[in-house]
Amino acid sequence: MPTSSDMTTPTDPAVLDTLQHQVAVFARRAEQSRLGGVGQARNSMDRAAYLLLNRLDQEGPMGVKALAAGMGIDSSTVTRQVAPLVESGLVNRATHPEDGRAVVLQLSERGRTRLGEVRASRRALMEMVTDEWTEEERAVFCTLLTRFNVSLAAVTATMPPPGAAS
């Protein structure tokens, strides 16, 4: 079976120009609409809260450092973003089951319910946007978008932060 390096061919600069342009357009449209879904839950949860709640739901209780590492962001950023989620009752702080001195964050029942509402709203938006797509097209797009995001995270993880001296 050929490896990805065996299949690599020089990329047409026009394709890369189109790709970067379409990613920029997507980012602008995603920010304008916040891809917040439809109905009553539309735009009712910001991106940071959604991603944090989603990770806690998928991976279970965890500490701030583990949550930050899994999301590729700084612990202080997670701490700042989690504070209003704890205050609003969407996330609970609990003692670590193995180390009573450590604190873990976990999705509360209220958080689980709220996340379910937001997911349903966003799922409805994705269904509307891709209404004329086949199931295969949706699956291929998901596969490629996931691959793009993983590659983008890997490449940007090796870059110095913006404004850092070269």
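Scroll up for the structure.
The rules behind these values
Residues numbered from 1 in each chain as written. Predicted model: local features only at pLDDT ≥ 70, side-chain atom pairs only at ≥ 80, totals over all residues. Heavy atoms only, no water. Phe/Tyr/Trp six-rings, centres within 6.5 Å; stacked < 30°, edge-to-face > 60°. Buried < 20%, exposed > 50% of the residue type's maximum accessible area, 1.4 Å probe, protein only. Lys NZ or Arg CZ within 6 Å of the ring centre and 35° of its normal. Helix = DSSP H or I, 4+ residues; strand = E, 2+ residues; numbered from the N terminus. Expected span 1.5 Å × (residues − 1). Bend = angle between axes of the 7 residues up to and from the residue. Contact = heavy atoms within 4.5 Å.

### Section: the packing of aromatic side chains
And then number 1: Enumeration over the complete set of coordinates arrives at one aromatic pair.
And then number 2: Their ring planes at 85° and their centres at 5.3 Å tell us that Trp133 and Phe141 sit as a pair that is edge-to-face.
And then number 3: By relative accessible area, Trp133 is classed as partly exposed at 32%.
And then number 4: Positioned over the ring face of Tyr50 is Arg122, at 4.1 Å from the centre of the ring.

### Focus: helix H4 (residues 75-87)
And then number 1: Across its 13 residues, H4 extends 18 Å between first and last C-alpha, which sits within 8% of the 18 Å expected from 1.5 Å per residue.
And then number 2: Bending of H4 peaks at approximately 25° at the position of Gln81, with proline Pro84 no more than four residues after it.
And then number 3: Turning to H4, its buried residues number three or more, namely Thr77, Val78, Val82 and Leu85.
And then number 4: Among the structural elements, helix H2 (47-59), helix H3 (64-71), strand S1 (91-95) and strand S2 (103-107) are those in contact with the buried residues of H4.
And then number 5: Positioned one or two residues after H4, Gly89 has a phi angle of 85°, which is positive.

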